[in-house]
Amino acid sequence: MAESDHLLDLQHLKTYFYTFEGVARAVDDVSFFLDPGEVLGIVGESGCGKSVTAQSIMRLIPQPPGKIVEGRILFDGRDLVRLSMGEMRGIRGNRIAMIFQEPMTSLNPVYTIGNQISEMFRLHMGLGRREGLNRAVEMLKKVQIPAPEKRVGEYPHQLSGGMRQRAMIAMALACDPEILIADEPTTALDVTVQAQILDLMLKLKEDFDTAIMMITHDLGVIAEIARRVVVMYAGRIVEEAETVPLFEDPKHPYTQGLLRSIPKLGRRGAGERTRLVEIKGIVPGLLDLPEGCRFSPRCPQVMGICRKKDPPLGRIGPGRTVRCWLYFDEPGKD
Ligand SMILES: Nc1ncnc2c1ncn2[C@@H]1O[C@H](COP(=O)(O)OP(=O)(O)OP(=O)(O)O)[C@@H](O)[C@H]1O
Ligand code: SF4
Ligand SMILES: [Mg+2]
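First, a word on scope: everything that follows refers to the structure included in this document.

Turning next to the overall build of the chain. When you go through the chain residue by residue, the secondary structure sums to ten helices and twelve strands. Here the C-alpha radius of gyration of the chain, 21 Å, is about what a compact globule of 334 residues would show, namely 20 Å. Projected onto its principal axes, the C-alpha positions of the chain cover 70 × 45 × 40 Å. For the chain, the proportion of its 334 residues judged to be buried stands at 55%. Contacts in the chain between residues far apart in sequence, at least 24 positions, make up 63% of those at least 6 positions apart. Per element, the accessible surface of the chain, about 15,100 Å² overall, is 52% carbon and sulfur. One finds the centroid of the 43 positive side-chain charges in the chain at a distance of 3 Å from the centroid of its 43 negative side-chain charges.

Next comes the structure, spelled out in structure tokens:
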């Protein structure tokens, strides 16, 4: 039995893609944990490995070309990396559920919303058809879909984007999972609906006591919902901290850049929120990573050592880690 004090414990996870052009190290030695009932934010620009991390936990990496090559994903005394697909089916959707950016990727267009939610109850809890449908109506009520008795008989295309997202949340929470992985759940929605969905998720977290891993580009979302934050860059964690200290005193130059790119924190109204403005320069291709620190080509504080040697991810305070030479001594640093 694999021991961990945490609900979910990723240890040195490496997920690579073997393509004709070379090996893309999409997740490259990533470790973090999630405790019961907490909200952890995972933030970073496009392509930094957020979704691949989530798909690794769910064991949804397409193989080939992808493969979890190293590391452990401990959940309830078991290493998910080592489970058979059959064992994983008992966990996926039941104890660990995921919601996606675009609801149509997880809602099946040819089945009614009610059918799809009640399927969760039938599959994982062994409920009959009628009972499953009754529970589906209850779930639609919980995610505040008006006229749930009517909506339960409708198909995904008959719902608005925000409604579909609510239906997907209902489906994800149907079996009362211990962990909900939300991969950009609000990005495709307009600002007002985004705010409503976030409020709903926070409320449901209280009701269901679900731990949430919230993946997003948007530091505004993190500020609102997460207690702790993991910042990713080019397949690696570059900083980890509780949300308030991270916002007040970001340590990594990349995090500092991300924070500078949002005009106002904490308060947001319609139109005030923006997606992250890209920091100068572009994220390096995973097949073409620079020598030394992966952020060095874009870093305003780059030093000699940065281009030669990869900085370690080191601890700089309680619950705080950073991957940057500014905080560590190394012979030859200039
Ligand atoms: N099926 C695949 N085949 C080959 N490479 C892949 C595949 N899926 C992901 N990758 C590689 O993994 C990298 C990280 O992808 P990932 O989807 O995790 O990024 P992300 O951080 O979720 O970005 P975004 O914010 O755009 O969703 C990609 O840039 C790509 O190089
Ligand atoms: S290690 Fe160097 S290049 Fe990398 S983030 Fe720190 S200062 Fe910038
Ligand atoms: Mg993604």
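The four strands lie next to each other as β2-β1-β4-β5, forming an open sheet whose pairing is antiparallel. With one partner strand each, in any of the chains shown, β2 (22–34) and β5 (78–79) form the two edges of the open sheet. As judged from the two bridges shared by strand β4 (residues 66–75) and β5, these two strands associate in the antiparallel manner. Bridge pairing links L74 to D79 in β5. Of the strands in this sheet, β1 (8–19), β2 and β4 are in contact with helix α1 (residues 50–57), which crosses β1 at around 110°.

Sheet architecture is open: eight strands sit in the order β6-β7-β8-β3-β9-β10-β12-β11, paired in mixed fashion. Since the sheet does not close on itself, it has two edges, and those belong to β6 (96–99) and β11 (314–317), each with one partner. Taken pair by pair, the neighbouring strands of this sheet meet at an average axis angle of 25°, ignoring direction. Pairing of strand β10 (residues 236–242) with strand β12 (residues 320–322), which is carried by two bridges, proceeds in the antiparallel orientation. In the strand pairing of β12, E239 is matched with V322.

Quick look at unusual backbone geometry now. The omega angle of the peptide bond from Q63 to P64 is -10°, so this bond is cis rather than trans. Of note, P64 is situated in the loop between α1 and β4. Positive phi outside glycine occurs at D176, with the angle close to 55°. Looking at the secondary structure, you find D176 in the loop between α6 (161–173) and β7 (179–183). If you check the backbone angles, A234 has positive phi at about 45° while not being a glycine. Within the secondary structure, A234 is located in the loop between β9 (228–233) and β10.

Our next topic: the packing of helix α3 (residues 113–125) against helix α4 (residues 129–142). At a minimum axis distance of 8 Å, the contact between α3 and α4 shows a crossing angle of 120°. Relative to α4, the element α3 is oriented oblique. In this structure, α3 crosses over α4, and the sense of that crossing is right-handed. Listed contacts from α4 to I113, G114, N115, I117, S118, F121, R122 and M125 of α3 are R129, G132, L133, R135, A136, M139 and L140.

Okay, the pattern of salt bridges next. One pass over the structure, following the stated rule, counts 21 salt bridges. Notably, a salt bridge pairs R25 with D28, separated by 3.6 Å at the nearest N-O pair. Note on R25: relative accessible area 31%, which makes it partly exposed. Under the relative-accessibility criterion, D28 is labelled buried at 4%. Of the charged contacts in the structure, one is a salt bridge between R151 and E154, with a shortest N-O distance of 2.6 Å. In the salt-bridge network here, residues are joined through shared partners; they are R25, D28, R236, R294 and D310.

The rules behind each value
Residues numbered from 1 in each chain as written. Chains lettered and ligands numbered in written order. Predicted model: local features only at pLDDT ≥ 70, side-chain atom pairs only at ≥ 80, totals over all residues. Heavy atoms only, no water. Helix = DSSP H or I, 4+ residues; strand = E, 2+ residues; numbered from the N terminus. Rg over C-alpha atoms; globule rule 2.2 N^0.38 Å. Buried < 20%, exposed > 50% of the residue type's maximum accessible area, 1.4 Å probe, protein only. Contact = heavy atoms within 4.5 Å. Areas by Shrake-Rupley, 256 points an atom, 1.4 Å probe, with all protein chains shown as cover. Lys, Arg positive; Asp, Glu negative; His and termini not counted. Charge placed at Lys NZ, Arg CZ, Asp CG, Glu CD. Pairing = 2+ DSSP bridges. Axes fitted to C-alpha atoms, helices over the stretch in contact; angles between N-to-C directions. Parallel < 35°, antiparallel > 145°, perpendicular 65-115°, else oblique. Left-handed = near helix turned anticlockwise from the far one by under 90°. Salt bridge = Lys/Arg side-chain N within 4 Å of Asp/Glu carboxyl O.

Remember, this is a structural readout, not a statement about activity or role.
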